[in-house]
Structures are given as structure tokens and as C-alpha cells.
Amino acid sequence: MEVVIKETYEEMSLLAAQLIADVIRRNPRAAIGLATGSTPLGTYRELIGMHRDEELDFSQVISFNLDEYVGLPIDNEQSYHYFMWENLFKHINVTPANVHIPDGLADDLKEACDSYEIEIDDHGGIDVQLLGIGSNGHIAFNEPGSSLGSRTRIKTLTEKTRQDNARFFNSIDEVPKYCVTMGIGTILESRKLVLLANGENKAEAIQATLEGPITVSVPASAIQFHPDVTVIVDRAAASKLTREYHTEPSRFNFQ
Ligand code: F6R
């Protein structure tokens, strides 16, 4: 696992975008796994800039999002479908048919979850998966207690996550109670993971993820099992780390 500490959110975002762009340039048909929330917004801005100024081509890229709320129409501004089109897809030349986001409105949610897994497999797996982390250590919506071998499925959001996400809604009562999320087992099968965290409120979760034991109490700690992980954090999110880390990625990460 490679841990890179950047001074600012902007530097963190640029490095994450460079890692993703590098995968796409090497394989224009790469399957990229995407996250929502505040953390990846800077990365998406950088990728949009690379598309505009450096001809980074998304036309053949396949995307798979980590999660979606259950029951929110896709034109609801808080749905992750809406988020992805607003903050990334409408600004790049992605092919709409290549975009995959879990379906939180399916009549048969279990069947939709199983199909999502099959679609990922049919595309040969995910080449690089971008991840944020919850202040409680969740990745995607795999809340503490989630099985480390879990697959895409329906989950109940914890009160902590509903409170954290209430800032995007008018009130906490509007925050959905359920979601559809890739499992930890699904995430660990991606060929490369890039986990991002910024801000003081992520410092504890980052310390537990990187320096604590692998435990279902901190779902993100499962990334310690993965052979190719880059964790990029800003100074504030790194503030509780105790070991020595780098400020630049190893040159072997870029080809
Ligand atoms: C969203 C997701 C979540 C977020 C996490 C952090 O697709 O996978 O795990 O990454 O809740 O959210 P922010 O970035 O808003 O702090």
C-alpha cells in the first residue's frame, strides 16, 4: 500500500486525477470505478480539465459507480445519478451506454444488485476504483459490521452516515434509510484502488484504516488486503498518522 500525504485538497485531487488519467491513457477502454460525495469533486474537476485541455478521451471508458440511494428518482438532485451527470459526465465525452450506476429504483432490488455484479464481470472487472471514506470508516456504503467478502446488495444506512449526509438535504428526515452498494468483496476485486480523504473529520478513520487491525468495525481497513492501493490524503486527514509516509507517489506507479 502506498500512502501519499499532500499539503492541500487541490494537490490531492490533481494526483488522483493523474492516476486515473494514466490508466485511461494506457487503456482507452478501461473500466473505472467512481465515487460520489464531497471528496472526489476536485478529482472530477481535474479530469474535466484534462479532457478539455489535454484531449483525455472518455469515449470508450466504462464506468461503474459504487452506490446509490434506494427510492430517489434519478432526477432528484441528491441521487447519485444526478450527482455524477452534474459533476462529471456532462462535461466529458463519456458514452451514456457505458455508464453504470446501481439502480435504487428497481422493482426487484436484489436482482438488480446481482445483475450489477454480472455487468462488472462481463466488462472484465474494474481497472481502477476511486474511493472516499466515511468518518465512521465506511467505504461505498459498507457500514461498520459489513462482511469483508460482501457483494453488491441493499444496505441500511447508519444514523452516523445519515447525519453526515444530511447536509445535502433539507432535513435529516429526507435522507433515505436504504442504499444499494458494491460490497467490500466487489471493491477488493478492482485491479487498483485509489482512496482519498481530506479534512480533520477523516483523520481518525484514516488512522484506523492504515495503521489499525483489519476489522469489520472499520470497513475501509479491508484495503490492507489489496495488492495495489494508493491512499492520498491531505495534511488534516493525515494528522493522526504515526508512521512515516511519502509526499510523492513512487515513480513506479506511472508508466
Ligand atoms: C459515495 C461513497 C461514500 C463516500 C463517503 C465520504 O459514493 O462511496 O463512501 O465516499 O461517505 O463522503 P464525503 O466525500 O462526502 O465525505
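Report follows, based on the coordinates.

What counts, and at which threshold
Position numbers for residues count from 1 along each chain, tracking the sequence in the order it is written. Only residues with pLDDT of at least 70 get local features here, since the model is predicted, and only at 80 or more are side-chain atom pairs given and counted; chain-wide, interface and lining totals rely on the full set of residues. Processing note: side-chain calculations cover all non-hydrogen atoms of the structure and skip hydrogens and water entirely. Put simply, DSSP H or I for four residues or longer makes a helix, DSSP E for two residues or longer makes a strand, and each gets a number counted from the N terminus. For a compact globule the rule gives 2.2 Å times the number of residues to the power 0.38, and the radius of gyration it is set against comes from C-alpha atoms. A 1.4 Å probe rolled over the protein chains alone gives each residue an accessible area, and that area as a share of the maximum for its type sets the label: buried under 20%, exposed over 50%, partly exposed in between. Two residues qualify as a contact provided that any one of their heavy atoms is within 4.5 Å of a heavy atom in the partner residue. Note that accessible areas follow from Shrake-Rupley with a 1.4 Å probe, and for residues the cover is restricted to the protein chains shown. The convention is simple: Lys and Arg are positive, Asp and Glu are negative, and His and the chain ends are not counted. To locate a charge, take NZ of a lysine, CZ of an arginine, CG of an aspartate or CD of a glutamate. Only the stretch in contact is used when a helix axis is fitted, and all axes are lines through C-alpha atoms; the angle between N-to-C directions ranges over 0 to 180 degrees. Should an angle fall under 35 degrees it is taken as roughly parallel, and over 145 as roughly antiparallel, whereas 65 to 115 is taken as roughly perpendicular and any remaining angle as oblique. Three residue categories are used. Nonpolar comprises Ala, Val, Leu, Ile, Met, Phe, Trp, Tyr, Cys and Pro, charged comprises Asp, Glu, Lys and Arg, and polar comprises the others, including Gly. We call a residue near a molecule or strand as soon as one heavy atom of that residue lies within 4 Å of the molecule or strand. The definition of a polar contact used here is a pair of N or O atoms within 3.5 Å, where within protein one atom must be able to donate a hydrogen and the other to accept one, and adjacent residues in sequence count solely through side-chain atom pairs. Strand pairing follows a simple DSSP-based rule, namely that at least 2 bridges must link the two strands. Note on handedness: a clockwise path from strand one over the helix to strand two, with the strands aimed away from the viewer, defines a right-handed crossover. Put simply, two rings from Phe, Tyr or Trp (the six-membered ring, in Trp's case) pair if the centres are within 6.5 Å, and we call them stacked under 30 degrees between planes, edge-to-face over 60, tilted for the rest. Criterion for a salt bridge: a side-chain nitrogen of Lys or Arg within 4 Å of a carboxyl oxygen of Asp or Glu.

**Describing the overall build of the protein chain**
Counting its secondary structure elements, the protein chain contains seven helices and ten strands. Its C-alpha radius of gyration of 17 Å places the protein chain within 12% of the 18 Å reference for a compact globule of 255 residues. Along the first, second and third principal axes, the C-alpha set of the protein chain runs to 50 × 40 × 35 Å. Buried positions account for 55% of the 255 residues belonging to the protein chain. Relative to all contacts within the protein chain whose residues are 6 or more apart in sequence, the contacts with residues 24 or more apart total 79%. Summed over all atoms, the accessible surface of the protein chain reaches about 11,300 Å², with 49% contributed by carbon and sulfur. Taken as two groups, the 22 positive and 38 negative side-chain charges of the protein chain have centres that lie 4 Å from each other.

**Quick word on the packing of helix α2 (residues 41–54) against helix α3 (residues 80–87)**
Where α2 contacts α3, the two axes come as close as 10 Å, and the packing angle between them is 40 degrees. The pairing of α2 with α3 is recorded here as oblique in orientation. Along the contact surface, α2 presents Leu41, Tyr44 and Ile48, while α3 presents Phe83, Met84 and Asn87. A per-class count over the contact of α2 with α3 returns five nonpolar, one polar and no charged.

**A look at the environment of Leu130**
Mapped onto the fold, Leu130 is located in strand β6 (residues 128–131). On the accessibility criterion, Leu130 (2% relative accessible area) is buried. In this structure the C-alpha to C-alpha distance between Leu130 and Asn65, which are 65 residues apart in sequence, comes to 9.2 Å. Setting aside its immediate chain neighbours within four residues, Leu130 contacts Ile20, Gly33, Leu34, Ala35, Pro40, Thr43, Tyr44, Leu66, Val194 and Leu196.

**A word on the site of the ligand**
In the vicinity of the ligand there are 15 residues, among which Thr39, Asp67, His138, Ala140 and Lys202 approach most closely. At 2.4 Å, a side-chain N or O of Thr39 approaches an oxygen atom of the ligand. One of the side-chain N or O atoms of Arg167 is found 3.0 Å from an oxygen atom in the ligand. Protein chains bury 94% of the 410 Å² of accessible surface belonging to the ligand in isolation. A breakdown of the residues in the shell around the ligand according to their chemical character gives five nonpolar, seven polar and three charged.

**Quick look at the sheet that holds strand β4 (residues 67–69)**
Judged by pairing direction, the sheet is antiparallel, and its three strands sit side by side in the order β4-β8-β7 without closing on themselves. Both outer strands of the open sheet, β4 and β7 (153–156), are each paired with one neighbouring strand and no more. The average undirected angle you get between the axes of adjacent strands in this sheet is 30 degrees. This element, helix α4 (residues 109–122), spans β7 and β8 (178–181) of the sheet and lies at about 120 degrees to β7.

**A look at the environment of Pro249**
Mapped onto the fold, Pro249 is located in the segment after β10 (229–234). With a relative accessible area of 14%, Pro249 lands in the buried category. Between the C-alpha atoms of Pro249 and Gln129, which are 120 residues apart in sequence, the distance is 17 Å.

**A closer look at the pairing of strand β3 (residues 62–65)**
Residue alternation in β3 divides its side chains into two sets, Ile62 and Phe64 and Ser63 and Asn65, and both sets are buried. As a crossover connection, the stretch from strand β2 (residues 31–34) through α2 into β3 is right-handed.

**Side note on the packing of aromatic side chains**
Given two aromatic rings, their pairing is described by the distance between the two centres and the angle made by the two planes. Enumeration according to the criterion identifies six aromatic pairs in this entry. Between the aromatic rings of Tyr69 and Tyr80, the centroid separation amounts to 4.8 Å while the plane-to-plane angle is 45 degrees, which identifies the pairing as tilted. Residue Tyr69 is located in strand β4, and its partner Tyr80 is located in helix α3; the two are separated by eleven residues in the primary sequence. Classification of Tyr69 as buried rests on a relative accessible area of 1%. By relative accessible area, which is 9% here, Tyr80 ends up buried.

**What about the pattern of salt bridges?**
Opposite charge on two side chains lets them pair, provided their charged atoms get close. Inspection of the entire model under this criterion finds 14 salt bridges. The salt bridge partner of Asp114 is Lys110, with a shortest N-O separation of 2.8 Å. With Asp114 and Lys110 both in helix α4 and four residues apart, this pair spans about one turn of that helix. Through salt bridges with shared partners, a single network forms among Glu117, Arg151 and Glu189.

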